[in-house]
Amino acid sequence: MDIDNPRVKHIVAWTTMLIVGTLWGATIPLSKTAVSTGHQPLGLITWQLLIGVVLLGSYLLMRGWRPVFSRKHLIFYLVIAILGTIIPNGFSYYAASHLPAGVMSIAIATVPMFTLMMALVFRLENFDLWRVLGIGIGFTAMAMIAAPETSLPEPEKAIFVLFALIAPICYGGEANFIAVNTPDRTDAVSTLFMASCIGFVLVLPMSIVSGQWLNPMPPWGVPELALISASVIHAITYVGYIWLVGFGGPVFSVQVAYPVTLSGVFLSIVFLGEGYSGWIWAALVLIIIGLLLVQPKLDDLKMTGEEHE
């Protein structure tokens, strides 16, 4: 396959985005299940990171990979750990204990909006009126979920919609950071492995001191199995996402929010039996319209076709 062929690049990029997004969407109802019995965010993140370290480390060990410990590399891994896992997952787990998984899925769809806003601020993208309109429509959709008293099963929990938006803000910042600051001699797998190692070292003591430590010993119930499944899927999809940022650019890659949202909503209905009000369905339609406006044209996509070695 000629990866330098523009048509092939587009096929690879869109196919990767659909696979990553669909799998990522599955982690949302799984996360909702993981917090269903009162497990706290830091305890869940600790074991999510450890599972990622074991899986990715095993793969890298078989490849004979050796880490690079330059100052630039360590700062890069630290930022990925904080913006890509610790902060967004912490707030997501917290919000998931109060909001339907479908609403969490719709919130994730704002990632391209925040990414574009940051890209405009840092002049990584050119101003376009239609895409800015898409940002406005996306935020209108979130307001439709948070504002009406009939949109959520428990209207008093609308404030947690704001907590759910912390994750897409972080992912938007992360995408722009990766696009500009990825150092040489690193790739998607090694980046996530090193970020997971650093994240684990940071979160482990916090989970113990805060009393959020989660005992990993069996017997495991459905919430624990959901956490393990979500962690494995997270490791796989996050590698794909980091690779996609380097391959297709930050604004293209965050369109992964399309399949994430649709997959998350659909799987939440099927496996959690969730039902939604007309306001939430209307918000879902608006968020898709907003995404259509925000997305770049195919001719504008940054397709490097390369990974950093």
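Residues numbered from 1 in each chain as written. Predicted model: local features only at pLDDT ≥ 70, side-chain atom pairs only at ≥ 80, totals over all residues. Heavy atoms only, no water.

Caption draft 1: Just the nonpolar core, in detail. In this structure, Leu-99, Ile-106, Ile-145, Leu-152 and Tyr-241 are the most contacted members of the largest nonpolar core, which totals 86 residues. A total of nine residues in this core trace back to one element, the largest contributor, which is helix α9 (residues 188-209). (Core = buried A, V, L, I, M, F, W, Y, C linked by side-chain atoms within 4.5 Å. Buried < 20%, exposed > 50% of the residue type's maximum accessible area, 1.4 Å probe, protein only. Helix = DSSP H or I, 4+ residues; strand = E, 2+ residues; numbered from the N terminus.)

Caption draft 2: Up close: a nonpolar patch on the surface. A contiguous nonpolar patch, built from Leu-78, Ile-82, Ile-87, Phe-91, Leu-202 and Met-206 and spanning about 420 Å² of accessible area, is present on the exposed surface. Only α3 (71-96) and α9 provide two or more residues apiece to the nonpolar patch. Per-element accounting of the nonpolar patch gives the leading share, four residues, to α3. Position of Leu-202 relative to the elements: it lies in helix α9. (Patch = residues over 30% accessible without salt bridge, like charges linked within 9 Å, V, L, I, M, F, W, Y side chains within 5 Å. Areas by Shrake-Rupley, 256 points an atom, 1.4 Å probe, with all protein chains shown as cover. Salt bridge = Lys/Arg side-chain N within 4 Å of Asp/Glu carboxyl O.)

Caption draft 3: How the structure looks around the side chain of Ser-207. Among the structural elements, Ser-207 can be located in helix α9. Side-chain polar atoms of Ser-207 contact the backbone oxygen of Leu-204, separated by 2.8 Å. Each residue touching Ser-207, except ones within four places of it in the same chain, is listed here: Leu-42, Gly-43, Thr-46, Gln-212 and Trp-213. (Polar contact = N/O pair within 3.5 Å; in protein donor to acceptor, adjacent residues only side chain to side chain. Contact = heavy atoms within 4.5 Å.)

Caption draft 4: How the structure looks around empty space enclosed by the protein. In the structure shown here, the tally under the stated rule is four cavities of 30 Å³ or more. In this structure, the largest cavity encloses a volume near 260 Å³. If you trace the largest cavity, you find 15 residues lining it, with Thr-27, Ile-28, Ser-31, Asn-89 and Ser-92 closest to the centre. For the lining of the largest cavity, the elements supplying multiple residues, two or more each, are α1 (6-34), α3, α4 (101-108), α8 (166-181) and α10 (222-248). Grouping the amino acids of the lining of the largest cavity by side-chain chemistry returns nine nonpolar, six polar and no charged. (1 Å grid on protein atoms, 1.4 Å probe; cavity = no way out; pocket = protein on both sides within 12 Å on 5 of 7 lines; lining within 4 Å. Points joined across faces, edges and corners; volume = space filled by probe spheres on them. Nonpolar A, V, L, I, M, F, W, Y, C, P; charged D, E, K, R; others polar.)

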